[in-house]
Amino acid sequence: MIKIVSKSLIIAVFLLFTANTNAQNCAEFVNGQSLHFGYSFNSMSKSGAVKTGKKYKFIFTLNKGKIYRFAFYASSGLNNNMEFTITDQNSALQIMYLPGEVPEAPLEDEFNSEGEYNGYDDYGNDDYGEEDYGYGEEENTSSSSSSSNTTSTTEDLPDYKAISGIVFDAVLKPGYYNGRLTYPFFEFKPANAMNLEILIDIKELEDGIIKKGCLGLLVQDKADELEFESL
Amino acid sequence: MKKFALILVFTLTAAWTFTSCNKAENTTDKQESVEFDEFEEASSEETFYRIPSPDEMFSFLNDKELKYQPELLNPSANADNYIDRKSKELNFGVYAADLAYTASFHQFQGSVDYINIVKRLAEDIEISAVFNEDMNKRIKNIFENADTLVNVTNATYYQIVNYLQKSDRNQTLSLLTAGGWIETLYVVIHIIPEYDENSATVQHIADQKLTFENLMLSLEQFQEDPAIKETIDDFKEIGKIYAQLKVVNAETSTKQNQEGNVVIVGSKSKLHITKEQFNQLKQKIAEVRNKITGNTNV
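The structure displayed is predicted, hence computed values, not measured ones. (Residues numbered from 1 in each chain as written. Chains lettered and ligands numbered in written order. Predicted model: local features only at pLDDT ≥ 70, side-chain atom pairs only at ≥ 80, totals over all residues. Heavy atoms only, no water.)

1. Focus on the overall build of chain A
Along the backbone of chain A there are three helices and 11 strands. When the elements of chain A are put in sequence order from the N terminus, they spell out α-α-β-β-β-β-β-β-β-β-β-β-β-α. Looking at chain A as a whole, 56% of its 231 residues qualify as buried. Element-wise, carbon and sulfur atoms account for 50% of the exposed surface of chain A, whose accessible area totals about 9700 Å². (Helix = DSSP H or I, 4+ residues; strand = E, 2+ residues; numbered from the N terminus. Buried < 20%, exposed > 50% of the residue type's maximum accessible area, 1.4 Å probe, protein only. Areas by Shrake-Rupley, 256 points an atom, 1.4 Å probe, with all protein chains shown as cover.)

2. Observations regarding the nonpolar core
With 78 residues, the main nonpolar core has Phe92(B), Trp181(B), Ile205(B), Phe235(B), Ile238(B), Tyr242(B) and Leu281(B) as its most contacted residues. Counting residues per element, this core draws most heavily on helix 7 (residues 170-191) of chain B, which supplies 12 residues. Setting aside residues up to four positions removed in sequence, Ile238(B) forms contacts with Trp181(B), Ile182(B), Phe212(B), Leu281(B), Lys284(B), Ile285(B) and Val288(B). Residues Met82(A), Phe188(A), Ile202(A) and Val265(B) belong to the second largest nonpolar core, which totals 27 residues. (Core = buried A, V, L, I, M, F, W, Y, C linked by side-chain atoms within 4.5 Å. Contact = heavy atoms within 4.5 Å.)

3. Notes on the pairing of strand 2 (residues 46-51) of chain A
Residue and element names in this part refer to chain A. Of all six residues in strand 2, six are buried; the element is thus mostly enclosed. Looking at chain direction, strand 2 and strand 11 (residues 212-223) are connected through six bridges and run antiparallel. The residue of strand 11 that forms the bridge with Lys 51 is Lys 212. (Pairing = 2+ DSSP bridges.)

4. So, the pattern of salt bridges
Opposite charge on two side chains makes pairing possible when the charged atoms of those side chains draw close. Evaluated as defined, the whole model comprises 19 salt bridges over all chains. The partner of Lys57(A) in a salt bridge is Glu45(B), with the nearest N and O atoms 3.4 Å apart. Of this pair, Lys57(A) sits in strand 3 (residues 54-62) while Glu45(B) sits in strand 1 (residues 45-50), placing the two residues on different chains. Glu45(B) gets classed as partly exposed once you look at its relative accessible area, which sits at 32%. Here Glu213(B) and Lys209(B) are joined by a salt bridge, their closest N and O atoms 3.9 Å apart. Note that Glu213(B) and Lys209(B) are positioned in helix 8 (residues 200-220) at a spacing of four residues, about one turn of the helix. What makes Glu213(B) partly exposed here is its relative accessible area of 34%. When salt bridges with common partners are traced through the structure, they connect Arg85(B), Glu89(B), Arg169(B) and Asp225(B) into a single cluster. (Salt bridge = Lys/Arg side-chain N within 4 Å of Asp/Glu carboxyl O.)

5. Quick look at the state of the cysteines
Residue and element names in this part refer to chain A. This model, assessed by the stated rule, comprises one disulfide over all chains. Each disulfide pairs two cysteine sulfurs, and for Cys 26 the partner residue is Cys 214, the sulfurs being separated by 2.1 Å. Classification of the bridge connecting Cys 26 and Cys 214 rests on its S-S torsion, roughly -70°, and on that basis the disulfide is left-handed. Of this pair, Cys 26 sits in the loop between helix 1 (2-22) and helix 2 (28-31) while Cys 214 is found in strand 11, placing the two residues 188 residues apart along the sequence. (Disulfide = S-S within 2.5 Å.)

6. With respect to the environment of Tyr56(A)
All names here are of chain A. In this structure, Tyr 56 sits in strand 3. Judged by relative accessible area, which is 0%, Tyr 56 ranks as buried. The sequence separation of Tyr 56 and Ile 202 amounts to 146 residues, and the corresponding C-alpha distance is 8.0 Å.

Below, the structure written as structure tokens:
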């Protein structure tokens, strides 16, 4: 009889354990993040459960007169292996292609020569904000030297601020730069109203095992002062 | 003893289920501790249309000549008239847009009135869990800090959207979004005194074509639902007018700024709406909106 009770207890404890560990707290991947200095929360933000081997496409309508900031957060269980393809739907031009995996977190001196990232320190708000980082960038260079899948280069987009030497740590594996925990983000300023498509390809694992995790897209915006004056 | 063991297992499981449910209810506004697999589908690719909330459109209305016009909003008394699911869900979106409008003009009493209507309709459509203790506390705090009024309405909208998604109530969300969009456009198109080709607000109304297209694609995902099918049919008339808009060159319209990592995106062209198209749109928007709300005024 004692055996039966013990078995039952083990089953009960097992059920409790597995049920709780399966529960995804994905919303925290958006709600749990601090807003970056000067930006407001945009309700187009999205979080949810995802799994390896699938693609997730998000269509955002962006308005002229605002600057949008997209920050990405993901579970480490997704293996830091995902690709981002960001496209202007209206012109069908691919804005950037970002391979997911970067073997090593970049060193500080790998940021672009002009050191744009460090510009964020100008806010003087080391203790405030999202504590994230984006990518290095240079003008007039191709959009992704590390990827052969890029369908268009910035040569096709002469007026776009070109992206290259991407300092992009997939997830998405946050790293520490200048002592700050940082996450990938992109900032966009629409020249005119547009639909922006972000395709996130969460790569299949080599062993074929499907892993589930959370993905969060925190969208923030602020008025583009230069444009807003004329509105 | 076997019986005892089974009872024990049952009791433990039931106790866990109970505590989990309570936890979920108590933390709804933070979306905590609730498993939701809205991304889970059989296909290898899924698409999510993210429609801007009403407050985003209203945030562009910074022209001092645009006065607060509460008479344009859906009267609170109408809330009693919405009996069926479709009208309740559509008008929930309508009132959410009215709330965003009052908040954008810092109309505290008006905002509180509309918050109360939204909360009442939320009960009717069974999403009252969104307004938990934390959210209610934030709502009360709007009197103490004017800056949080818009933030609270924006956060409320986001929590509603997320709650519906994680509850797998995408049809409700589609109707709510449609109601919010039509009310927002109805208000905006009626508060500007007259058509002005160079008006930024008129341009934003033209740009709503993009949101409209996403909205329709979003609705079409659930068109097997008769309520959504009817809404699509109503909205198609608006689409016919938007389809007439031409794309024009806007090469010099963007001022280049030099913010560190900001990437300028979008084409050099923009949508152009003529005075005739504007007036047609204004009339059609009013017709569709008034059909939804049951109002007769234009």
